[in-house]
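Chain residues, written in single-letter form:
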Amino acid sequence: MKEIDANKQAWSQLSEAHYETFKKRLLDGTHYLNKYIRDDLCDIRGKNLIHLQCNTGADSILLAQMGANVTGVDFVPDNIFYANKLAADFNIDNISFFESDIMELTAKHESKYDIVFVSEGALGWLPSLDVWGLTVRQLLNDNGYLYVFDSHPFYLMMDEHKFSRYLLEVEAPYFNKEPVMDDYTGGYASERKYGAKAYFWPYTVSDIINSLTAAGMHIDYFNEYPELFFDAGGMTQLGDSGLYNYVFNDNKYPMSFSLKATVWK
């Protein structure tokens, strides 16, 4: 798929820079899972967990440090190289990584897990949430669960450059199904990189929920939050929560969500 190939090239430009950035943040203690994720996951000691779209493995390492046996998967070979390097840097031995496009994962990976973990900017890089839902179900054992924390579709349809000026303006129609193309990638953990196109697929709340229920999953909760997990420009960092918000967004609109789903019995 040309969009996936383009995304792979775009993200590979960031791999080394992300490794260097997250290594430094892990060393100085400024990289951590956000408050909602920490509270929701609670005790994961001894659980077998697969982290989908793990990038260069920084969050995977945090999950392993919480006591889970972690497997990270990403579609960019350079990300997997640097994820293994990062784990070695921190002497993490309850972790492993392998390369795969999530859209093709079920054809090459048969292991079962207690937890499937998906977090912070992952869903929009998938061309089919229906395939993703079926993949999640196949990865889970009968008593396992999926946990997702990501951008709220309401936030994704707005022009983020105008948020900081108190303007709510729809940039991407909510029900649009065509991928949005940018000529750069990154910016949140490294400088933006140009030279490869990046394709992001919009999604709705119903896209997420229906993809999971159709695959035989039960939605335990879908929580919505006014905070965001990165600074989109002009935002205030909220202590050590790992979250950001605009001073004027006093519970006015959602920018992120968390979801837990279990296998339907």
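Scroll up for the structure.
J.: Hey, could you run me through the pairing of strand β4 (residues 113-119) in this one?
T.: Side-chain positions along a regular strand alternate between the two faces of the sheet. The element β4 is largely enclosed, with a buried count of 6 among its 7 residues. By the bridge criterion, 3 bridges tie strand β1 (residues 48-52) to β4 in an arrangement that is parallel. The residue bridging His51 from the neighbouring strand is Phe117, located in β4. In the sheet, β4 pairs with strand β5 (residues 140-151) via 6 bridges, with the strands oriented parallel. Among the inter-strand pairings, Tyr113 is bridged to a residue of β5, identified as Leu140.

J.: Which parts of the structure should I look at to understand the packing of aromatic side chains?
T.: Summed over the entire model, instances satisfying the criterion amount to 14 aromatic pairs. Ring geometry for Phe117 versus Tyr147: centroids 6.1 Å apart, planes at 15°, classification stacked. Of this pair, Phe117 sits in strand β4 while Tyr147 sits in strand β5, and the two are 30 residues apart along the sequence. For the pair shown, Phe117 and Tyr147 are each scored as buried. Aromatic rings pair up to connect Tyr36, Phe149, Tyr225, Phe229 and Phe230 into one cluster. The ring of Tyr145 carries Lys260 above its face, with NZ or CZ at 4.6 Å from the centroid.

J.: Please clarify how the sheet that holds β1 should be interpreted in this entry.
T.: What links the strands of a sheet is backbone hydrogen bonding, and the strands pair in either a parallel or an antiparallel sense. Here we have 7 strands laid out as an open sheet, ordered β3-β2-β1-β4-β5-β11-β8, and mixed in their pairing. On the outer flanks of this sheet lie β3 (95-99) and β8 (217-225), each paired with one strand and no other. Pairs of neighbouring strands in the sheet enclose a mean axial angle of 15°, with direction left out of account.

J.: How should the packing of helix α2 (residues 15-28) against helix α5 (residues 77-89) be read in this particular structure?
T.: A packed helix pair is summarised by two numbers, namely the angle formed by the two axes and the spacing between the axes. Interaxial distance between α2 and α5 falls to 9 Å at its minimum, and their mutual angle equals 25°. Comparing the axis directions of α2 and α5 gives the class roughly parallel. Classified by chirality, the crossing of α5 by α2 is right-handed. When α2 is examined against α5, the residues Ser15, Glu16, Tyr19, Lys23 and Leu26 are found in contact with a partner set consisting of Asp78, Asn79, Tyr82, Lys85, Leu86 and Asp89. Here the contact of α2 with α5 is composed, by residue class, of 4 nonpolar, 2 polar and 5 charged.

J.: Is there a simple way to explain helix α4 (residues 58-65) in this structure?
T.: Given 3.6 residues per helical turn, the α-helix brings residues three or four places apart onto the same face. Among the 8 residues that make up α4, 7 are buried, leaving the element largely enclosed by the rest of the structure. Turning to α4, its buried residues are Ala58, Asp59, Ser60, Ile61, Leu62, Leu63 and Ala64.

J.: Got a minute to help me understand the environment of Leu123 in this structure?
T.: Checked against the element boundaries, Leu123 lands in the loop between β4 and α6 (129-139). Measuring from C-alpha to C-alpha, the distance between Leu123 and Asp150 comes to 7.3 Å, with 27 residues separating the pair along the chain. Those residues in contact with Leu123 that lie beyond four places of it in its chain are Val118, Leu129, Trp132, Val148, Asp150, Tyr203, Ile208 and Phe257.

J.: Sorry if this is basic, but what is going on with the side chain of Asn7 here?
T.: Inspection of the secondary structure puts Asn7 in helix α1 (residues 2-12). Non-local contacts of Asn7, meaning those with residues more than four positions away in its chain, are made with Phe75, Trp125, Lys197, Ala198, Tyr199 and Trp201.

J.: What am I meant to see in the side chain of His152 here?
T.: By secondary structure assignment, the location of His152 is in the loop between β5 and α7 (153-156). The buried category is assigned to His152, whose relative accessible area is 5%. At a separation of 3.0 Å, a polar atom in the side chain of His152 contacts the main-chain amide nitrogen of Phe154. When neighbours within four sequence positions are excluded, His152 is seen to be in contact with Val205, Phe222, Glu224, Pro254, Met255, Ser256 and Phe257.

J.: Could you clarify how one ought to interpret the environment of Lys85 in this entry?
T.: Assignment of secondary structure puts Lys85 in helix α5. A C-alpha to C-alpha distance of 9.0 Å links Lys85 and Thr56, two positions 29 residues apart in sequence.

J.: How should the pairing of strand β11 (residues 256-263) be read in this particular structure?
T.: Judged by how many residues are buried, β11 sits mostly within the fold: 7 of 8 residues are covered. Of the pairings in the sheet, the one linking β8 to β11 comprises 8 bridges and is antiparallel in character. Within β11, the position partnered with Asn223 by the bridge is Ser258.

Definitions and cut-offs
Residues numbered from 1 in each chain as written. Predicted model: local features only at pLDDT ≥ 70, side-chain atom pairs only at ≥ 80, totals over all residues. Heavy atoms only, no water. Buried < 20%, exposed > 50% of the residue type's maximum accessible area, 1.4 Å probe, protein only. Helix = DSSP H or I, 4+ residues; strand = E, 2+ residues; numbered from the N terminus. Pairing = 2+ DSSP bridges. Phe/Tyr/Trp six-rings, centres within 6.5 Å; stacked < 30°, edge-to-face > 60°. Lys NZ or Arg CZ within 6 Å of the ring centre and 35° of its normal. Axes fitted to C-alpha atoms, helices over the stretch in contact; angles between N-to-C directions. Parallel < 35°, antiparallel > 145°, perpendicular 65-115°, else oblique. Left-handed = near helix turned anticlockwise from the far one by under 90°. Contact = heavy atoms within 4.5 Å. Nonpolar A, V, L, I, M, F, W, Y, C, P; charged D, E, K, R; others polar. Polar contact = N/O pair within 3.5 Å; in protein donor to acceptor, adjacent residues only side chain to side chain.

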